[in-house]
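Chain residues, written in single-letter form:
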Amino acid sequence: MTGAGILVLVIEMSIFMIRTLILYLIVVFSMRLMGKRQIGELQPSELVVAIMISDLAAVPMQAIDIPLLSGVIPVLTLIVAEIFMSFLSMKSSLARKILTGEPSIIIYKGHINEHEMRKLRFDINDLLEELRMNNYPDISEIAYAVLETNGEISIIPKNDAKNITVGDLKNGIGPENFPCMLISDGILNREELDRSGKTEKWLMRELRKFRVYDIKDVFICSFSDNKLFVQKKGENDVKK
C-alpha cells in the first residue's frame, strides 16, 4: 500500500472515530434528558424511544457516506417528542393513562383477579415466576400484588408472612389495609373512594381540616389504616 493509500485509510478511520464519538455523546445526552430511570424501569414510551435512538445512531455510524445529520436530527426529534409527551402526561391524566397505562391489581386481599390477568395476557405461571423472583414461593402468603406500569410487580405479603416490626405491633398497621389513592393530581378516583368505604362528603369534610376546600388543589390524597395522607399542590406534605 502506497503512502497516499495509508493516508486515506487513516483519514477514513479518523472520520469513523469522530462520527462515532459525536453520536455517542448525543445518545448519552439524550438518555440523560429522559431522566434517571434504570433500563428495567422505563415506561413503554421511553423504552420505544431508547430502541429507536440506538437504531438511528447506528446507521450513520456504520456508513461514512451517510451525512451525520441524518442520524443526529431524528435522534433530537425523538428526544423533543419524548420531553413533550412527558410534560403532557404530567398535565393530563388521560394522556398519562394512554402513554404509560395504569397499575393493575392482580391479587387483592389474597384473591387472584383472573379477569385482570386475562386482560393483561398474564397467566398463572408468569405470576408464580414473578412471586418466586421476589422470594415469595407460596402464593397463599400474598395479600396484594400490583403489576406496575413499568412491568415490575409490587408485592405486599400478609401479616403472618412478613417480618413484623415494632412499629407494626405498636400502631396495628398491616398490609391488609391496602392504601386507597383517593385523589391524584387534583382528580378524584371514585373507584378508590368506594373501596375505602367512605363518601365524597366525608372526604371533603376531612380535607377542610387540612385547609383544603377544592379537590383540584390536592396533589395526592391516600387513605390507609383509618388515616388520611394529604399533600397540597406546591406545598410540603402534612399528615393527620
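Details of the structure are given in the entry above.
Because the structure is a prediction, the values reported are computed rather than measured. (Residues numbered from 1 in each chain as written. Predicted model: local features only at pLDDT ≥ 70, side-chain atom pairs only at ≥ 80, totals over all residues. Heavy atoms only, no water.)

**Re the environment of Ile-83**
Alright, step 1. With respect to the helices, strands and loops of the structure, Ile-83 is situated in helix H3 (residues 69-91).
Alright, step 2. Using a relative accessible area of 41% as the deciding quantity, one classes Ile-83 as partly exposed.
Alright, step 3. Taking the C-alpha atoms as reference points, Ile-83 and Glu-46, 37 residues apart in sequence, are found 9.9 Å from one another. (Helix = DSSP H or I, 4+ residues; strand = E, 2+ residues; numbered from the N terminus. Buried < 20%, exposed > 50% of the residue type's maximum accessible area, 1.4 Å probe, protein only.)

**A look at the pairing of strand S3 (residues 142-147)**
Alright, step 1. Burial analysis of S3 places six of its six residues in the buried class, which makes it a mostly covered element.
Alright, step 2. Taken together, the four bridges between strand S1 (residues 104-108) and S3 define a ladder with antiparallel strand orientation. Looking at the pairing, Tyr-108 lines up with Tyr-144 of S3.
Alright, step 3. If you look at the hairpin formed by S3 and strand S4 (residues 153-157), you'll find five residues sitting between the two strands, and Gly-151 has a positive phi there, around 95 degrees. (Pairing = 2+ DSSP bridges.)

**Things to note about the packing of aromatic side chains**
Alright, step 1. Taken as a whole and judged by the stated rule, the model has two aromatic pairs.
Alright, step 2. For the pair Tyr-108 and Tyr-144, a centre-to-centre distance of 5.3 Å together with 70 degrees between the ring planes defines the contact as edge-to-face. With a gap of 36 residues between them, Tyr-108 in strand S1 and Tyr-144 in strand S3 connect regions that are remote in the sequence.
Alright, step 3. Seen in terms of ring centroids, Trp-202 and Phe-223 are 5.3 Å apart; in terms of plane orientation they differ by 80 degrees. Their pairing is edge-to-face. One end of the pair, Trp-202, is in helix H9 (residues 200-208); the other, Phe-223, is in strand S7 (residues 218-224), with 21 residues separating them in the sequence.
Alright, step 4. Phe-223 sits in the buried class, given a relative accessible area of 8%.
Alright, step 5. Its end group placed over the ring of Trp-202, Lys-198 keeps NZ or CZ at 5.0 Å from the ring centre. (Phe/Tyr/Trp six-rings, centres within 6.5 Å; stacked < 30°, edge-to-face > 60°. Lys NZ or Arg CZ within 6 Å of the ring centre and 35° of its normal.)

**Description of the sheet that holds S1**
Alright, step 1. An order of S2-S1-S3-S4 is seen for the four strands of this open sheet, with the pairing classed as antiparallel. Each edge of the sheet is formed by a strand with only one pairing partner; in this case those strands are strand S2 (111-112) and S4.
Alright, step 2. The pairing of S1 with S2 spans two bridges and is antiparallel. Each bridged residue has a counterpart across the sheet, and for Ile-107 the counterpart in S2 is Ile-112.
Alright, step 3. Packing of helix H6 (residues 124-133) onto the sheet brings it into contact with S1, S2, S3 and S4, and relative to S4 it is tilted by some 70 degrees. (Contact = heavy atoms within 4.5 Å. Axes fitted to C-alpha atoms, helices over the stretch in contact; angles between N-to-C directions.)

**Side note on the nonpolar core**
Alright, step 1. Counting 17 residues, the largest nonpolar core has Leu-182, Ile-183, Leu-203, Leu-207, Cys-221 and Leu-228 as the members making the most contacts within it.
Alright, step 2. Elements that contribute at least two residues to this core include exactly strand S5 (180-184), H9, S7 and strand S8 (227-232).
Alright, step 3. Broken down by element, the residue count for this core peaks at four residues, all from H9.
Alright, step 4. In terms of nonpolar packing, the next biggest core, distinct from the first, is built from 12 residues, Phe-122, Tyr-136, Ile-142 and Ile-155 among them. (Core = buried A, V, L, I, M, F, W, Y, C linked by side-chain atoms within 4.5 Å.)

**Topic: unusual backbone geometry**
Generally, phi is negative for residues other than glycine and the peptide bonds are trans, each holding for most cases.
Alright, step 1. Of note in the backbone geometry, Lys-109 takes a positive phi value of approximately 55 degrees without being a glycine.
Alright, step 2. With respect to the helices, strands and loops of the structure, Lys-109 is situated in the loop between S1 and S2.
Alright, step 3. Non-glycine residue Arg-211 carries a positive phi angle of around 60 degrees.
Alright, step 4. Residue class for Arg-211 comes out exposed when judged on its relative accessible area of 66%.

**Let's talk about the pattern of salt bridges**
Alright, step 1. All told, the structure shown has four salt bridges when counted by the stated rule.
Alright, step 2. One salt bridge in this structure joins Glu-116 and Lys-119, with 3.4 Å as the shortest N-O distance. Residue Glu-116 and its partner Lys-119 are both found in helix H5 (residues 114-120); the two are separated by three residues, about one turn of the helix.
Alright, step 3. Lys-119 sits in the exposed class, given a relative accessible area of 52%.
Alright, step 4. The residue Arg-190 makes a salt bridge to Glu-200 at a minimum N-O spacing of 2.8 Å. Of this pair, Arg-190 sits in helix H8 (residues 190-196) while Glu-200 sits in helix H9, and the two are 10 residues apart along the sequence. (Salt bridge = Lys/Arg side-chain N within 4 Å of Asp/Glu carboxyl O.)

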